[in-house]
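A structural walkthrough
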Amino acid sequence: MSKTAEVINGKDLSHELKMEMKQEVAQLEKEGIVPHLTVVLVGEDPASKSYVSGKQKACTETGMSSDLIKLDETVTEEELLKLIDKLNHDNHVHGILVQLPLPKHIAEQKVIEAIDPSKDVDGFHPVSIGRMMIGEDTFLPCTPYGIITMLKSKNIEISGKHAVIVGRSNIVGKPVGQLLLNENATVTYCHSRTKNLREFTKSADILVVAVGKPHVINGEDVKEGAVVIDVGVNRIEDGSLTGDVDFDSAKEKASYITPVPKGVGPMTITMLLKNTIKAAKELNRK
Ligand SMILES: Nc1nc(=O)c2c([nH]1)NC[C@@H]1CN(c3ccc(C(=O)N[C@@H](CCC(=O)O)C(=O)O)cc3)C=[N+]21
């Protein structure tokens, strides 16, 4: 029998990183710079509200400032774009985050592209994505950035490893594959049309699952000794949060595994703070 996996606790790692950031923010404050994040929330979705309050709480913990602009569900695209233009020109605002998803009558991509790339702390603007692809310094999308940070925190070797990504969203699947490629992994993307998914997942040294469906991957899909990163945040009937990976069976095969909750989710917020500090420093250097 092999031993069970070591759990990479994203909540604990987040705490450590936030304590480091707190020192840096205190230093910046002495120079007259208080990193400021503005979050824009449209509508009343309870999940979005809870994520947004998590982001604001994390700002407070590190001594950064933040504000929340709440807009009614009926706000027009034009009004939202106008607000973003105003925030782009507001020198107190270093980072702009528009919480997704947006109501159907608003074109999400248009909104993302309206944000000044120098304030794009989500890393969703095509300019940020393009820079990431060619390995330039930029805002990395928070969830992929958090995943790489988790791997590095355990000194997990990425170079030369086979990384298999299940899921190809613009905010997680695609960019996490790109970041792993930048770290010299050999990357395979799997998705809903992939045939014989298990053949791919079983060959993964690093398996990243970002599908958004509970327990689509279990121990049978995992190679002995693999590193399993679970990006799922699925709210199930009893109100609890569960991952895309069946943790109990997968941990019997993996060498490292991330849990849900207390895994990738908290790291996403922490990397948002990192990006906001980076934005504040760079905007003040201009
Ligand atoms: N513009 C934009 N940027 C985002 O980064 C963004 C977004 N929109 N829309 C929604 C997704 C989702 N997301 C999460 C953040 C934190 C947790 C998190 O902290 N989860 C905790 C549990 C939280 C709970 O219990 O509700 C955990 O996994 O331990 C989860 C999910 C950010 N997103």
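Residues numbered from 1 in each chain as written. Predicted model: local features only at pLDDT ≥ 70, side-chain atom pairs only at ≥ 80, totals over all residues.

As recorded in an unreviewed UniProt entry, the chain goes by Bifunctional protein FolD and comes from Aciduricibacillus chroicocephali. Per UniProt, the comment on the chain under Subunit (unreviewed entry) is "Homodimer." You can read under Sequence similarities (unreviewed entry) in the UniProt record for the chain the words "Belongs to the tetrahydrofolate dehydrogenase/cyclohydrolase family." (UniProt positions renumbered as here; feature names shortened; annotations may be inferred.)

Once that is clear, we can look at the sheet that holds strand β6 (residues 186-190). Within a sheet, adjacent strands bond to each other through the backbone by hydrogen bonds, running parallel or antiparallel. Strand order in the open sheet formed by six strands is β1-β11-β8-β7-β5-β6, and the pairing between neighbours is parallel. Of all strands in the sheet, those bounded by a partner on one side alone are β1 (6-7) and β6. Relative to strand β8 (residues 227-230), strand β7 (residues 206-209) is paired through four bridges, and the arrangement is parallel. Bridge assignment links Ile 206 to a residue of β8, and that residue is Val 227. Lying on the sheet, helix α7 (residues 173-182) is in contact with β5 (162-166), β6 and β7; it crosses β6 at an angle near 170°. (Pairing = 2+ DSSP bridges. Helix = DSSP H or I, 4+ residues; strand = E, 2+ residues; numbered from the N terminus. Contact = placed C-beta atoms within 7 Å. Axes fitted to C-alpha atoms, helices over the stretch in contact; angles between N-to-C directions.)

The strand order across the open sheet formed by three strands is β3-β2-β4, and the pairing between neighbours is parallel. Among the strands making up the open sheet, the edge pair consists of β3 (65-71) and β4 (95-98). Taking each pair of neighbouring strands and ignoring which way they run, the sheet shows an average axis angle of 15°. Running over the sheet, helix α2 (residues 46-61) touches β2 (36-42) and β3 and is turned about 170° from β2.

Before going further, it helps to examine the site of the ligand. Surveying the vicinity of the ligand reveals 19 residues, the closest of which are Leu 100, Pro 261, Lys 262, Gly 265 and Thr 268. Those elements giving two or more residues to the shell around the ligand turn out to be α2, β4 and α10 (264-285). The greatest single-element share of the shell around the ligand, amounting to four residues, is contributed by α10. Residue assignment places the shell around the ligand across two domains, with domain 1 (32-116) and domain 2 (141-265) each supplying three or more. (Near = placed C-beta within 6 Å. Domains from an automatic or database assignment.)

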